[in-house]
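# Remarks on the overall topology
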Amino acid sequence: MSIIKYLKYNKSNNAENNSDPFVIQEGKMKLGKMKTSHRLDWTEEALALRGGEKETVGKNFNFSNLSKISAILAFFLLIIFARAAWLQIVKGEYYYGLAEGNRIRIERVEAKRGVIYDSESRPLVRNVANFLLYFMPIDLPDNENERDGIIKRISEILGDISADEIKRILAKVKQGSLESYQPLFIADNIEYEKAMLLYLESVNMPGVILSNKTRREYNLPPTFEKVAGGKCEDPENSEQCVSTLSHILGYTGKIGESELAEFGSEYSPIDYIGKTGIEYFWENELKGHDGRKQIEVDALGKEKKIINQEPTEDGHNLILSINAELQRKLEETLSGALQKLKLKKGAAIIMNPNNGEILAMISLPAYDNNIFARGATNEEYQELAGNPDNPLFNRCVSGEYPSGSTIKPVIAAAALEEGIINEHTSFNSVGGIRIGEWFFPDWRAGGHGVTDVRRALAESINTFFYYIGGGYQDFKGLGMEKIVQYGKLFGLSSQSGIDLPGEADGFLPSKEWKEEARGERWYIGDTYHLAIGQGDLLVTPLQVASYTGAFANGGKLYRPHLVKQILTDEDKLIRNIEPEVIRGDFIKDYNIEIVRQGMRQTVTSGSAGSLQSVPVAVAGKTGTAQWSSKKQPHAWFTGFAPYDNPELVITVLIEEGGEGSSTAVPIANEILTWYFNNKK
């Protein structure tokens, strides 16, 4: 009740009391006793002292603000609950993992990488033990001096990595972050003695772990050359040892940051991954799937016991179409020919024209891929990368060259298919043709006389192909557009789809390209050059082998491939790689046969006559490709055998080799003779 009501209540109900609890003195209220004789109606007196106005005692708190205070409190409570929900529900697993990481860890169990065999099931690679050192940053000591002491001791043991370099590696990881729970690679391929010392001392080094992983070791048939690579163990040869299977198999290496970001959870920072060749292209089949084990660790981060474990799924094994013996023979033959010619660069391919399988593939110079598998030093890499002959480059699939006359079977087939000529159409070769002030020569002074398409192919008569390519006087040729159209049908200016990385497209020029790139219009001379494989046309040796295969098999362009079977880790068949026809029936059978006859005539009476010594009938086409006014042309040969029932296509390129008939044909001769003499 209010003070006024309380006082009135006391006046009426306590009139018999000798004193009141309050008296008014000098306008102030004081607590005390007052005699009955002086008692008066003090409320009225109080009002009198106030000038006769009534005064009420109001509330000290404004309850209208209560809703605002409640809203503020509710807002802060909502923030607290939302944060708690975020930590417990959304990020609960993350922080639980961080907490449990101090006691329980999930570790990968590395799957065994698949093995690669040749076509006769001879292993070309094996997995060998590899000691690898890594840090678990979260377990490293927080004390800087203690951590520096560990780093210094590791540097002393390894010998080839400084303490400062280890610190730079470690500085990339923020302590306490999620990355600090991931293994941090320090060194691999550690020598046995150093590994044992590290193993003993790492017991008392928190966060330092020595692991026994595997790395690849390639069993390659070597050819001896003076190129960068590992030293051969042949005591009679001090030169360096390499193998052209390196370009096919490729190699594995430690996964990089960009690769780790791309493939995510499938790999860890200490894993190895295919970098080039088959190892790269077939990575998903070879890698397998790692297992998992849940382990309990002690205060130093060392494993105490295994709580749970998931088994690994080892990678699949691969059977290649490559025959190691044929590969070795082709390598020896090409290498020997280059040495005699005092040259260093060349390429050769042997393919099955009936399914696109690559039986041998050589690119010289080559390199030793074991250097990269064990981890190339900076000096080793710079020696290879800085080599002007570029031994790391696979000329078979990545090299782009003018085709020379090896393009003429394609031009002949196009002219026959378009009805520009038939098998009886003839032109008189008098040594070349003249357009205004420009003269386009034949290779033989005075010309070849009257010639048809078969003889033009056999003797590589330029005049005939000038006519059917660009036309002359009243005769209308294919023209640039049709040449490009049929070139694309035969697989030029595009990748074939072989199961190797880095395949080049080659190049077919066009009017639009020339105007844009060179600011010039297209001339009739450009078409003439294109028709004989000169000018701006570029092909890869693989493309030449592929379209040669189409003439060999009767008109089917197969996708070339190196892997023919996929096996389990126990060598049980999973699946065969079926032949794939890229394009078929785009040239009539009769027109294909006319071109085949011309290619056979190349051997019987033309520019590849030396191939008559081969035990079986051979058909083919030579080529001499001009590419520089100061250097020798590239030498080509491409062909197939036996003529009636082809088993092999062989394509040979010698960079700066001169005439194809004198440098490339002998290589084909030696290989084909060896193959059919030794065929079972």
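## Notes on a negative patch on the surface
Taken together, the side chains of D160, E165, E191 and E193 make up a negatively charged region of the molecular surface. Take E165: it is sitting in helix α6 (residues 163-171). Note on E165: relative accessible area 35%, which makes it partly exposed.

## Details of the pairing of strand β19 (residues 432-435)
Sheet analysis places β19 next to strand β20 (residues 438-441), joined by four bridges and oriented antiparallel. Considered in β20, the bridge of I433 is made with F440.

## Details of the pattern of salt bridges
Under the defined criterion, the tally for this structure stands at 28 salt bridges. For the salt bridge of E279 with R113, the shortest nitrogen-to-oxygen distance reads 3.0 Å. In this pair, E279 is assigned in helix α10 (residues 277-281) and R113 in the loop between β3 (104-109) and β4 (116-117), connecting sequence segments 166 residues apart. Both residues of the pair, E279 and R113, count as buried. E201 is the partner of R153 in a salt bridge, and the nearest nitrogen-oxygen pair spans 2.7 Å. Here E201 lies in helix α7 (residues 192-201) and R153 lies in helix α5 (residues 144-158), a separation of 48 residues in the sequence. By relative accessible area, E201 is classed as partly exposed at 23%. Within the structure, one salt-bridge network assembled from shared partners comprises R113, R216, E279 and E283.

## Thoughts on helix α21 (residues 524-531)
Of all eight residues that make up α21, six are buried, and the element is covered over most of its length. Residues of α21 that are buried in the fold lie against α16 (408-417), β19, β20, α18 (462-470), α19 (479-489) and α20 (511-518). Once α21 ends, the next one or two residues include G533, with phi positive near 80 degrees.

Cut-offs and rules
- Residues numbered from 1 in each chain as written.
- Predicted model: local features only at pLDDT ≥ 70, side-chain atom pairs only at ≥ 80, totals over all residues.
- Heavy atoms only, no water.
- Patch = residues over 30% accessible without salt bridge, like charges linked within 9 Å, V, L, I, M, F, W, Y side chains within 5 Å.
- Areas by Shrake-Rupley, 256 points an atom, 1.4 Å probe, with all protein chains shown as cover.
- Salt bridge = Lys/Arg side-chain N within 4 Å of Asp/Glu carboxyl O.
- Lys, Arg positive; Asp, Glu negative; His and termini not counted.
- Charge placed at Lys NZ, Arg CZ, Asp CG, Glu CD.
- Helix = DSSP H or I, 4+ residues; strand = E, 2+ residues; numbered from the N terminus.
- Buried < 20%, exposed > 50% of the residue type's maximum accessible area, 1.4 Å probe, protein only.
- Pairing = 2+ DSSP bridges.
- Contact = heavy atoms within 4.5 Å.

Everything listed here is a matter of geometry and, on its own, says nothing about what the molecule does.
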